[in-house]
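A closer look at the structure
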Protein chains: 2
Amino acid sequence: MTLERIARLQLELKPDQVFYVTNLINVRYLTGFTGSNAALLVSDSTAVLATDSRYEVQLAQQVPDLVSVIGRNLPELLLGKLSKAEVLVEGAHLSVDSFNHLTENFAYQFTSVTGIVEKLRSVKDNSEIESIKTACEISTQAYLKVIETIRVGQTEKFVRNELERCMRELGADDIAFASIVASGPNSAIPHHEPTDRQIQSGDLLKIDFGAKINGYHADCTRTSAIGKPADWQVELHAAVTSAQQAGRESLRAGIEFREIETVVDQALTLSGYREYFTHGLGHGVGLAIHEDPFFGRVEDAKIAPNTVITIEPGAYLKDQGGVRVEDTIVVHSKGYENLTNLPYELLEL
Amino acid sequence: MTLERIARLQLELKPDQVFYVTNLINVRYLTGFTGSNAALLVSDSTAVLATDSRYEVQLAQQVPDLVSVIGRNLPELLLGKLSKAEVLVEGAHLSVDSFNHLTENFAYQFTSVTGIVEKLRSVKDNSEIESIKTACEISTQAYLKVIETIRVGQTEKFVRNELERCMRELGADDIAFASIVASGPNSAIPHHEPTDRQIQSGDLLKIDFGAKINGYHADCTRTSAIGKPADWQVELHAAVTSAQQAGRESLRAGIEFREIETVVDQALTLSGYREYFTHGLGHGVGLAIHEDPFFGRVEDAKIAPNTVITIEPGAYLKDQGGVRVEDTIVVHSKGYENLTNLPYELLEL
């Protein structure tokens, strides 16, 4: 599997080029190696992975079929004696200091490139989709279980802990990111960090969370009500939910990202909440929780088949409360599959 | 507190310089703002923080006393109309792409600098030490509680989950990093990711873990035995423990990092395990789990008072097992305070 990914990267290289891969997520994607210190050198016909001695055993287990070297100075190990003239480096990842270190120590032409492996990563193969699907199933099961146990007086942190414990018990390797549990006025904060605030009757409760399996992430948000919701909460929730539905149901391979954004914007404009939607509509999900493609960053671009992406509109009324509804979705040539299959109605907890 | 930190940074700046801070940990250190998107511009007499609209409420709560701007294009918001000639940027953090974006869009002189805020961060004030101390107390309490419940047949992942749940129940805001729970031959892997391997009688069990409080980390490792340890396990454990003790007890402000390394190396050479110690001796701990100063990277440098640092020698016998002993320690002008106060004997679980 992974050597096939290196082969796809090699198709992008000219005979006199090598690609020095330092973004660890890209190294993992291409090789399967998960150590915290590694670099990969790929030419049009070879590939060598370098790491340090802490990872000797792990290297043999995870990457038995790839040439590898072990030592402290990874640039020297991989670039020490090249015959190639041009070294491509990852401009979005490599720091200015690391780039200067390379140009000062090696007499090659270094060219900064961006998005080559990220573009390969943005289209998922079956094994990747299976991992994301499993992560999403664990996430949704955990959510349904935990919302049954939510009571007035529990803190946001308590609910966060319960949800994360439950995802782990259901088999998650880890959580996908720091879960957002935002109650009452805190739900108006799009990226809220859970606090000791106690959940109260009359709150909106926004939970944005996910599990991780084999390095692959799930990303999901639902907003529910504590007790009987007020009219403004029902209206706000309905507006966001129907905008999310409109966006979701427009998904298919070949459609422009911009078209989906327009559909969602129109729905929110119609309901009067457009101005309260203050962030991007969604992003790719895979080995990173946020990865290519991103809504809003890709002019004219169309969604490729087997893209896994979130659709997550929200509306946030300052000091009152906010609603976000988010799914992780695989886009197929005809339509889509929603991997975070949770209820859309405003649940009363 | 935080404005005082900006004042310390301003002392480093010339009148015609501004410092464009993009490393989010440095932004948090200087301002207290914890959002996931921000930049800070500091001149010798002013400071402005920029973030996007998702963080409007959080900004007002966390940073009420600092000038701030909100928008999508942070470089434009902060650098759009400067009268200063030279902009310092963080070369260890800023990517090549971001640096090129700056030089292409703004007609200032951009100078890459490294380690300025990191150096300020490496010496802790009392509030920082208190947070690390609390994180360490939660960590050690959780460890002592969880090792009581460890049984043959539990998996590494199960123990990891129990430990992390316990740290959260004891009040951790979060875990400090992905806990290492490594049993039997897996303990020979310095950075092992917990698996479904079941703990067996005769295993060494190495646990490297920590809690997080107010953004500050704890970092601690102990290795214990499952059942009665074999002679080689007792010997290996004694060798690493006494090397760690020798290093720890040499700590005081003013001593060279290199001297501590020499003490530990000599102890391991004497016991015959030097060649099995394959990683660095330790690192600073604070808002990052690994931060300045690092053992082995600082020629001739001496340890400053109020540095918080780990001492963590290990020895790893491939396919058999490994031992690491690690403490998080505050260095004082006379001696040190060990914040991870756990037993050093080889516990039989």
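Residues numbered from 1 in each chain as written. Chains lettered and ligands numbered in written order. Predicted model: local features only at pLDDT ≥ 70, side-chain atom pairs only at ≥ 80, totals over all residues. Heavy atoms only, no water.

Counting secondary structure elements, chain A contains ten helices and 19 strands. Rg of the C-alpha trace for chain A: 23 Å, near the compact-globule value of 20 Å for 349 residues, within the 12% margin. Dimensions along the principal axes, computed over C-alpha positions, put chain A at roughly 70 × 40 × 35 Å. Counting all 349 residues of chain A, 56% fall into the buried class. A sequence separation of at least 24 residues applies to 66% of the contacts in chain A between residues at least 6 apart. On chain A, roughly 14100 Å² of surface is accessible, and the fraction owed to carbon and sulfur atoms is 49%. Positive and negative charge centroids in chain A, built from 32 and 48 side chains respectively, lie 1 Å apart. (Helix = DSSP H or I, 4+ residues; strand = E, 2+ residues; numbered from the N terminus. Rg over C-alpha atoms; globule rule 2.2 N^0.38 Å. Buried < 20%, exposed > 50% of the residue type's maximum accessible area, 1.4 Å probe, protein only. Contact = heavy atoms within 4.5 Å. Areas by Shrake-Rupley, 256 points an atom, 1.4 Å probe, with all protein chains shown as cover. Lys, Arg positive; Asp, Glu negative; His and termini not counted. Charge placed at Lys NZ, Arg CZ, Asp CG, Glu CD.)

Next up on the list: the sheet that holds strand 5 (residues 86-90) of chain B. Residues and elements named next belong to chain B. Strand order in this open sheet of six strands is 4-3-2-1-5-6, and the pairing throughout is mixed. Strands with a single pairing partner mark the edges of an open sheet, and in this sheet they are strand 4 (67-70) and strand 6 (109-113). Between one strand axis and the next, the sheet turns by 25 degrees as a mean value, whatever way the strands run. Docked against the sheet, helix 5 (residues 96-105) engages strand 1 (17-21), strand 5 and strand 6, running at close to 155 degrees with respect to strand 6. (Pairing = 2+ DSSP bridges. Axes fitted to C-alpha atoms, helices over the stretch in contact; angles between N-to-C directions.)

Attention shifts here to the pattern of salt bridges. Think of it this way: side chains of opposite charge can pair up when their charged atoms draw near. This model, assessed by the stated rule, comprises 41 salt bridges over all chains. Salt-bridge contacts for A:D173 lead to B:K157; the nearest nitrogen and oxygen are separated by 2.9 Å. Of this pair, A:D173 sits in the loop between helix 8 (156-169) and strand 7 (174-175) while B:K157 sits in helix 8 (residues 156-169), which puts the two residues in different chains. The residue B:R54 makes a salt bridge to B:D52 at a minimum N-O spacing of 3.0 Å. Taken individually, B:R54 and B:D52 each receive the classification buried, so the pair is uniform in this respect. (Salt bridge = Lys/Arg side-chain N within 4 Å of Asp/Glu carboxyl O.)

Turning to the relation of the copies chain A and chain B, a few remarks are in order. Between the two copies, chain A and chain B, the superposition gives an RMSD of 0.0 Å; the rotation angle is 180 degrees and the shift along the axis is 0.0 Å. Such a combination of turn and shift is consistent with a two-fold rotation axis. Among all residues of chain A, the one whose C-alpha sits closest to the rotation axis is A:S95, at a distance of 2.1 Å. Interface overlap between copies is the fraction of interface residues in one copy that are interface residues in the other; for chain A against chain B it reaches 100%, indicating a shared surface. (Least-squares fit on C-alpha atoms with pLDDT ≥ 70 in both.)

Further remarks concern the interface of chain A and chain B. Contact with chain A, which involves 35 residues of that partner, is made by 35 residues of chain B. Both faces combined, the contact of chain A with chain B buries some 3100 Å², and carbon together with sulfur accounts for 48% of it. On the surface where chain A and chain B come into contact, there are six salt bridges. Summed over the shared surface of chain A and chain B, the number is 22 residue pairs in polar contact (both at pLDDT 80 or more). In terms of residue class, the side of chain A that touches chain B is built from nine nonpolar, 14 polar and twelve charged. (Buried area = accessible area lost by both parts, 1.4 Å probe. Polar contact = N/O pair within 3.5 Å; in protein donor to acceptor, adjacent residues only side chain to side chain. Nonpolar A, V, L, I, M, F, W, Y, C, P; charged D, E, K, R; others polar.)

With that settled, the discussion passes to the domain arrangement of chain A. Residue and element names in this part refer to chain A. In terms of domain boundaries, chain A breaks down into domain 1 (2-121) and domain 2 (126-338). With centres defined by C-alpha atoms, the gap from domain 1 to domain 2 works out at 34 Å. On the side of domain 2, nine residues touch domain 1, which itself brings six residues to the contact. Summing both sides of the interface, domain 1 and domain 2 together bury roughly 610 Å²; the carbon and sulfur share of this comes to 47%. In this structure, R5 engages E128 in a salt bridge whose closest nitrogen and oxygen atoms are separated by 4.0 Å. At the boundary of domain 1 and domain 2, one finds two residue pairs in polar contact (both at pLDDT 80 or more). Counting only elements with at least two residues in the side of domain 1 that touches domain 2, the list comes to helix 2 (24-31) and helix 6 (116-122). Residue composition of the side of domain 1 that touches domain 2, by class: two nonpolar, no polar and four charged. (Domains from an automatic or database assignment.)

On to the side chain of A:S43, then. Residues and elements named next belong to chain A. Structurally, S43 can be placed in strand 2 (residues 38-43). Reaching out from S43, the side chain makes a polar contact with the side chain of T46 at a distance of 2.7 Å. In this structure, S43 is in contact with Q10, L13, Q17, V18 and K84, ignoring residues within four places of it in sequence.

As paired elements, strand 13 (residues 283-284) of chain A and strand 14 (residues 291-294) of chain A share two bridges and run antiparallel to each other. Looking across to strand 14 of chain A, one finds that A:G284 is bridged to A:E291.

Below, the discussion takes up the sheet that holds strand 5 (residues 86-90) of chain A. Residue and element names in this part refer to chain A. If you trace the six strands from one edge of the open sheet to the other, you get 4-3-2-1-5-6, paired in mixed fashion. The open sheet has two free edges, formed respectively by strand 4 (67-70) and strand 6 (109-113), since each of these has just one partner strand. Across the sheet, the axes of successive neighbouring strands diverge by a mean angle of 25 degrees, strand direction being ignored. In the packing of helix 2 onto the sheet, the strands contacted are strand 1 (17-21), strand 2, strand 3 (47-51) and strand 5, and the crossing angle to strand 2 comes to about 60 degrees.

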